[in-house]
Amino acid sequence: MRPFRAAAFLFVLPLIQGTPQRDDGQWTMPAKNNAATRYSGLAQITPRNAPRLRPVWTFSTGVLGGHEGQPLVVGSTMYVVTPFPDVLYAFDLTHEGYPLKWKYRPDVNPTSLGIACCDAINRGAVFADGKIIYNLLDGHTVAVDAVSGKELWKTQIGDMSQGETTPMAPFVAGNRVIVGPSGGEFGIWGWVKGLDVATGKILWTAHNMGPDSSMLARPGHGRYTGAPNIGVTSWEGDSWRRGGAPVWGWISYDPQLDLIYFGTGNPGPYNTEQRPGENKWTNSVLARRPGDGSLAWAYQFTPHDSWDYDSNAEMILVDMVVGGRMRRVLVHFDKNGFAYTLDRVTGELLVAEPFANVTWAKGINKRTGVPILDTTKTTGVSRGNVQGICPSLEGGKSPASPSAYSPRTGLFYTATNNLCMNFQATPVTRIAGTPYIGASTPYMPGPGGNMGEFIAWDAARGRKVWGIKEKYPVWSGSVVTAGDVVFYGTLDGWFKAADAKSGRQLWKFKVGSGVVGAPISFRGPDGKQYIAVYAGIGGDWFLLSGDVRSDDPADVRPPADFAPDLARHTSQGGIVWIFGL
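Quick look at the structure, then. Only a predicted model underlies this, so the values are computations on that prediction, with no experimental measurement involved. (Residues numbered from 1 in each chain as written. Predicted model: local features only at pLDDT ≥ 70, side-chain atom pairs only at ≥ 80, totals over all residues. Heavy atoms only, no water.)

**So, the state of the cysteines**
Simply put, the disulfide is a covalent bond whose two ends are the sulfur atoms of two cysteines.
Reasoning step 1: A complete count under the given rule lists one disulfide for this structure.
Reasoning step 2: With a sulfur-sulfur separation of 2.0 Å, Cys390 is cross-linked through a disulfide to Cys420. Judged by the sign of its S-S torsion, about 100°, the bond between Cys390 and Cys420 is right-handed. Of the two residues, Cys390 is situated in the loop between β25 (385-389) and β26 (404-406) and Cys420 in strand β28 (residues 419-425); the sequence distance between them amounts to 30 residues. Grouping residues by exposure puts Cys390 and Cys420 together as buried. (Disulfide = S-S within 2.5 Å. Helix = DSSP H or I, 4+ residues; strand = E, 2+ residues; numbered from the N terminus. Buried < 20%, exposed > 50% of the residue type's maximum accessible area, 1.4 Å probe, protein only.)

**A short note on the pairing of strand β17 (residues 284-288)**
Reasoning step 1: Burial of β17 is extensive: five of the five residues sit out of reach of the surface.
Reasoning step 2: What you see with β17 is no split at all: Ser284, Leu286 and Arg288 on one side and Val285 and Ala287 on the other are buried throughout.
Reasoning step 3: Here four bridges tie strand β16 (residues 259-263) to β17, and the two strands are oriented antiparallel to one another. From the neighbouring strand, Ile260 faces β17, where its bridge partner is Arg288.
Reasoning step 4: Taking the residues between adjacent antiparallel strands as the criterion, β17 and strand β18 (residues 295-300) are bridged by six residues, where Gly293 takes a positive phi near 80°. (Pairing = 2+ DSSP bridges.)

**A closer look at the sheet that holds β26**
Reasoning step 1: With antiparallel pairing, the four strands of this open sheet are ordered in space as β26-β27-β31-β32. Both outer strands of the open sheet, β26 and β32 (463-470), are each paired with one neighbouring strand and no more. Within the sheet, the average angular offset between the axes of one strand and its neighbour, ignoring direction, is 25°.
Reasoning step 2: Bridging between strand β27 (residues 411-417) and strand β31 (residues 452-458) involves six bridges; their strand directions are antiparallel. Across the sheet, the residue bridging to Asn417 is Gly452, located in β31. (Axes fitted to C-alpha atoms, helices over the stretch in contact; angles between N-to-C directions.)

**Here's the deal with the sheet that holds β18**
Reasoning step 1: Spatial ordering of the open sheet is given by β15-β16-β17-β18, a layout of four strands whose pairing is antiparallel. Looking at the sheet topology across the chains shown, the edges are occupied by β15 (251-254) and β18. The sheet shows a mean angle of 15° between the axes of neighbouring strands, direction not considered.
Reasoning step 2: Across five bridges, β17 lies against β18 in antiparallel orientation. Its bridge partner being in β18, Val285 is matched across the sheet by Tyr299.

**Let's talk about the pattern of salt bridges**
Reasoning step 1: Within this structure, the stated rule accounts for 22 salt bridges.
Reasoning step 2: Among the salt bridges present, the one from Lys469 reaches Glu453, with a minimum N-O distance of 3.9 Å. Residue Lys469 is found in strand β32, and its partner Glu453 is found in strand β31; the two are separated by 16 residues along the sequence.
Reasoning step 3: Of the residues examined, Glu453 reaches a relative accessible area of 11% and is grouped as buried.
Reasoning step 4: The salt bridge involving Arg463 is made with Asp458; its shortest N-O contact spans 3.6 Å.
Reasoning step 5: For Arg463, a relative accessible area of 41% corresponds to the partly exposed category. (Salt bridge = Lys/Arg side-chain N within 4 Å of Asp/Glu carboxyl O.)

**Considering the nonpolar core**
Reasoning step 1: Counting residues in each nonpolar core, the largest one holds 54 residues, and the members touching the most others are Met78, Tyr79, Leu88, Tyr134, Phe487 and Phe522.
Reasoning step 2: Broken down by element, this core gets its largest block of residues, six residues, from strand β38 (residues 529-535).
Reasoning step 3: Not counting residues within four places of it along the chain, the set of residues in contact with Met78 comprises Trp57, Pro71, Leu72, Val73, Tyr89, Ala90, Phe91, Leu93, Phe522, Ala532, Val576 and Ile578.
Reasoning step 4: Of all hydrophobic cores here, the second largest spans 47 residues; its members include Trp307, Ile364, Ala400 and Phe562. (Core = buried A, V, L, I, M, F, W, Y, C linked by side-chain atoms within 4.5 Å. Contact = heavy atoms within 4.5 Å.)

**A closer look at the packing of aromatic side chains**
Reasoning step 1: With the rule as written, the count across this model stands at 37 aromatic pairs.
Reasoning step 2: Ring geometry for Trp507 versus Phe509: centroids 6.4 Å apart, planes at 15°, classification stacked.
Reasoning step 3: Since its relative accessible area comes to 8%, Trp507 is described here as buried.
Reasoning step 4: Ring-pair connections join several aromatic residues into one group, and the members of that group are Tyr299, Phe301, Trp307, Tyr309, Phe338, Tyr340 and Trp360.
Reasoning step 5: We note Arg38 situated over the ring of Trp250; from NZ or CZ to the ring centre the distance is 4.9 Å.
Reasoning step 6: Positioned above the aromatic ring of Trp494 is the side chain of Lys508, whose terminal nitrogen or guanidinium carbon lies 4.3 Å from the ring centre. (Phe/Tyr/Trp six-rings, centres within 6.5 Å; stacked < 30°, edge-to-face > 60°. Lys NZ or Arg CZ within 6 Å of the ring centre and 35° of its normal.)

Laid out in structure tokens, this is it:
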């Protein structure tokens, strides 16, 4: 590719990064913009006045569960999606008390509750073509009229009998709705699909491994350089058919290149000795054409994953100087503990440095992109109980905790975890629709005494700029604003604001339940800037925190050994909070 001129770069940069000169004040897609920066151009809230933030509105969703994802604000309406049963609310922001406009109650198969891997969560909706589009847990995508709340179409995309559920937030690129499944722990054959925005019709399906024909891959055409049928030859026998590679995280889009970017999850089963080979394209980023799903390039972060290091975390698209050259890059914080900066045109590795405590690898070979393994940390049945692996399978960062980027500071802001694990694999046989795991993986806190940290990261150099240590793992997403304030939440129920430049804590508020969702920033009809966030602990932490549920007297589970007191600080919840000055 020829270098583009500076003037042209200055023109297209706002389009790529989604940061126009004046923010429209809305939040119409999960990550704010195509580039997944979660950056708000609103600047009324600043480090000087942030300590004066106060709650201005709350709403109980009526559901106790893991409230991941984020609200949407379209015009003067806020849309909220709950965990199962995936209820959609529309609130009128122009009237006092933000009264309910309508509520859409979908028909969701309750069987999905017994299949969903890690809590019955929902990661949110997207607005497009006058519709609110989101996934139901039971393998359906629905489109609802944004004005009336009427269901416009409903499409089955997943197969629960195979262990597929669909909690991810859809993404819209042009006239395509892009969706994928959970189910890596059930040995699914991972895929991503493109639906027609107008009708919901499935227009293409692309698998993440298997024959090139199933992967919509054409080696040697364009920039895809994978060997022919590498999605088969990098597996033993037909193990790719039950190899996982789910798509349950976040998607971004470069309209100039006409490429979507998304990560794939772990291979199945956890016992690596049942699936020799690099297992492509699990634990990878794939770049595809949204029109027909064709594969442009792929890069694998953790070949032959031995530790459940899913790569479903967001791919943030920015343009920055790396190594003295202006590059179109993709920045990704992987569960494996390394932060990657890739050329998003070609997939070339530019930077890969640890952002968390890492023991499974000594580094990443910058020429090949392949991890330099510490073989004493490789797992498998024949290896016995392998101890002291960092990060744990919760990741150096959870893919459920999306990062943010500020073009003002040039920094990325992300939640991190400081957990390690022991790993003992066991043989397992796949039965469709049942867990296909084969491992025992107890956790323990990593070095330093804190189990989490919220950090600012320089992706051009691969280094941490500042960090705020937290007692528990940090599991929320973040938003950063043009006022140079960054927001995030904690598992023990605090919602916090920090100076985006220095990391100085500015403000915090107890929101009643642990925060596992992502905050947003929007302009209200009164012209003022507001911050909204869900409070409702869940996801893996519903399983790990112990007695955080009180509506079922039979469900009094003990807490995990590494965080025995977390339930003293939080219980399950389902609250939407809005804060303002």
